[in-house]
Every structure is written in C-alpha cells, then in structure tokens.
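# Chains, contacts and geometry: an overview
The residues making up each chain are set out below.
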Amino acid sequence: LSSNYCNAQWTIIAGDSTTFPVNSSFTHIDTSAGNIWQIGLPQKTFFDSSYSTPFSIMTDSVNPYSINNNSSFTVEYTDTNSYMFIPDAYIGFWHKYETDSLKDGGYVEISLDSGATWTNVQNAWSLGMTTSFETNFYNQSSDTIQGNIPAFTGTQDNWEYSAIKLQWLFPLIPPFNSNNIEREEFTHKVMFRFNFKSD
C-alpha cells in the first residue's frame, strides 16, 4: 500500500507551484524519526511514474508504508508586505493513492499561528474560515479514517486534481502600524500540513 502526492501547487496571494525538486523550497518534510515522506523517483508497482516527471513526493519511493505511521510535510506562505493581509488561502494538487480504506489515509491541515496548532481544512470554520470551491476533496462527515479524521482513503487509481479554498468569514485588516503582533501573525502567514496516517 502506498500514498503519493505530486505536483503540489498553492496559491494564496501570488501563485507558486512545484514539480519536485524544482522550486520546492517552500515544502518542508518533517525530519523526525519514522517520517516516510520522500521526494524522488517512484519505483513501485502502483506508483511507477510521476504526474509531472520525473519526481514526486510520496510515502517512500520503494517500500509499502508501515503500520502505525504518522508522517507529514508542510507548505507555507508568508506575506512579506507589511501593509497586506491574506484574504483567502487556496491549495491544489495532483495525487493518487492506495490505502486501507477507512483505516489509513491522507489529510490536509492548516495553521495560522506558525505551526503551534493545526486544524483539518474541513474544520476551518473553527478558525473563522469557510471552505469553498472544493474540487475532488474529502468530505467532513462521510470520508473519515480511524479516529474519525476527515481524509482521503481507499484507492484513487488515476491522477486526480484536488483543491480547496478557505476564506475568512469576517476578514479584518489589522490597523496600520499596529503593535498587535498576534493579529499580524494571524493574517500574514498560512501553513498547510499534509499528513499520512496508518493504523
């Protein structure tokens, strides 16, 4: 069994994309022990090539994923213009996957506080955001894995494009020359974390 994400692209204010390893500097793989995400050439039966050749980011380029695994990589965007704010966040990617249905799978989280806390994108309402323009994305109530986590699970044989847009319910522009550091961090940096979890 395997999981594979390829040609991730994220557009928040300006568009960025990667085809691995070109322009993947904003993609960070967690280097802790047990993390199986890798960027490389797919060499498996199910994953024998990338969507955008030659490289992909995947859960191990050769071996099946391990049991009781929890691996992640992050993608981040920071607005460098102090007078701007991030009005919405959009992320889209081509992927295919083969997992143990309802038990193992992949899900995307968002952080607005530099990675201190994470929320599944399907629960972004708890951050004051709403989801819109969903394309081939998992559903909060019907697509879940063990632990009742909304996620991609089962098998997607062909490369499929999935995307989601998150918008502020009540967008607020921080006052110019504001000393409210917390609000500036909240509106100037968005992080997405791609997780893979197996039982």
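Right, let's walk through the structure included here. Everything numeric in this text was worked out from a predicted model, so none of it was measured.

## Side note on the overall build of the protein chain
Secondary structure assignment for the protein chain yields one helix and 14 strands. A buried classification covers 49% of the 199 residues belonging to the protein chain. Excluding contacts between residues fewer than 6 apart, the proportion of contacts in the protein chain whose partners are at least 24 apart in sequence is 74%. Carbon and sulfur atoms make up 50% of the accessible area of the protein chain, which totals about 9600 Å².

## Things to note about the pattern of salt bridges
The final tally for this structure, using the stated rule, is one salt bridge. One salt bridge in this structure joins Glu109 and Arg193, with 2.8 Å as the shortest N-O distance. One end of the pair, Glu109, is in strand β8 (residues 105-111); the other, Arg193, is in strand β14 (residues 189-197), and 84 residues separate them in sequence. A relative accessible area of 21% places Arg193 in the partly exposed class.

## Here's the deal with the sheet that holds strand β3 (residues 27-29)
Taken together, five strands build an open sheet; the order of strands is β3-β6-β14-β8-β9 and the sheet is antiparallel. The two strands at the open ends of the sheet, each matched to only one other strand, are β3 and β9 (119-120). For strand β6 (residues 70-78) and β14, the ladder comprises nine bridges, and the chain directions are antiparallel. Counterpart to Ser72 in the pairing with β14 is Asn195.

## Quick notes on the nonpolar core
Core analysis: the largest hydrophobic core is formed by 32 residues, its most contacted members being Val108, Ile110, Val121, Phe137, Leu166 and Phe192. The set of elements that each furnish at least two residues to this core consists of β6, β7 (88-98), β8, β13 (155-168) and β14. Residues in contact with Val108, not counting those within four places in the same chain, are Phe93, Thr119, Asn120, Val121, Phe137, Tyr138, Phe192, Arg193 and Phe194.

## Description of the packing of aromatic side chains
A full pass over the atoms with the stated rule returns 14 aromatic pairs. Consider the rings of Phe137 and Tyr138, whose centres lie 4.9 Å apart with planes at 40°: the pair is tilted. For the pair Phe137 and Tyr138, one class covers both residues: buried. Through a chain of ring-to-ring contacts, the aromatic side chains of Trp37, Phe73, Phe93, Tyr97, Phe137, Tyr138, Phe152 and Phe194 assemble into a single cluster.

## Some points on the pairing of β8
Among the seven residues in β8, seven count as buried, and that is most of the element. Burial of β8 is two-sided: the residues Gly105, Tyr107, Glu109 and Ser111 facing one way and the residues Gly106, Val108 and Ile110 facing the other way are all buried. As defined by bridge partners, β8 adjoins β14 across seven bridges and the pair is classed as antiparallel. Each bridged residue has a counterpart across the sheet, and for Gly106 the counterpart in β14 is Phe196.

Conventions and cut-offs
Chains are numbered independently. Their residues run from 1 in the order of the written sequence. The model is predicted, so local features are restricted to residues of pLDDT at least 70 and side-chain atom pairs to those at 80 or more, both for listing and for counting; the totals for chains, interfaces and linings are taken over all residues. Derived side-chain values reflect all non-hydrogen atoms in the structure, with water molecules and hydrogen atoms excluded from consideration. The helix and strand labels rest on DSSP assignments: H or I over at least four residues marks a helix, E over at least two residues marks a strand, and numbering proceeds from the N terminus. To sort residues, take the accessible area from a 1.4 Å probe on protein chains only and compare it with the maximum for the residue type: under 20% means buried, over 50% means exposed, and anything in between is partly exposed. We call two residues in contact whenever any of their non-hydrogen atoms come within 4.5 Å of each other. Every accessible area reported is derived by Shrake-Rupley at a probe size of 1.4 Å, with residue values counting cover from the shown protein chains alone. By convention in these notes, a salt bridge is any Lys or Arg side-chain nitrogen within 4 Å of a carboxyl oxygen on Asp or Glu. Whether two strands pair comes down to DSSP finding at least two bridges between them. In these notes, a set of buried Ala, Val, Leu, Ile, Met, Phe, Trp, Tyr and Cys residues joined through side-chain atoms within 4.5 Å is what counts as a nonpolar core. Only rings of Phe, Tyr and Trp enter the pairing, Trp through its six-membered ring, and a pair is recorded when the two centres are within 6.5 Å. The plane angle decides the type: under 30 degrees is stacked, over 60 is edge-to-face, the rest tilted.

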